[in-house]
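# Examination of the molecular architecture
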Amino acid sequence: MNSVLKLNPNGSVTLCARKTCCPVMEEIDEHRVRITDDNGNSIIVSKEQAALISDGLKVLQSKEQQLLCE
């Protein structure tokens, strides 16, 4: 998804380009963020862990590509 993420008026960030049903990330304190999914479930992770989400997705996608090529 190639969208530009923006800060919402309440200080959270919506993690998609659509207007509805998108995960939301909000800062809890200087070290932690909360990510809330479409169903209202949430996790709290350190900012360091949250920064690794993009890399983790790349690893998962490369695994899928490797399985398709085997």
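To start, this report covers the structure provided alongside it. (Residues numbered from 1 in each chain as written. Predicted model: local features only at pLDDT ≥ 70, side-chain atom pairs only at ≥ 80, totals over all residues. Heavy atoms only, no water.)

### Side note on the state of the cysteines
Overall, the coordinates contain one disulfide when judged by the stated rule. The disulfide bridge from Cys16 ends at Cys22, spanning 1.5 Å between sulfur atoms. Torsion about the S-S bond of the Cys16 and Cys22 cystine: about 75°, corresponding to right-handed handedness. We classify Cys16 as buried; its relative accessible area is 12%. (Disulfide = S-S within 2.5 Å. Buried < 20%, exposed > 50% of the residue type's maximum accessible area, 1.4 Å probe, protein only.)

### Quick word on the sheet that holds strand β4 (residues 42-46)
With antiparallel pairing, four strands are arranged side by side in an open sheet as β1-β2-β3-β4. On the outer flanks of this sheet lie β1 (13-14) and β4, each paired with one strand and no other. In this structure, strand β2 (residues 24-27) lies alongside strand β3 (residues 32-36), joined through four bridges in antiparallel fashion. In the sheet register, Met25 faces β3, and the bridge partner there is Ile35. (Pairing = 2+ DSSP bridges. Helix = DSSP H or I, 4+ residues; strand = E, 2+ residues; numbered from the N terminus.)

It is worth stressing that arrangement in space is one thing and function is another; only the former is reported here.
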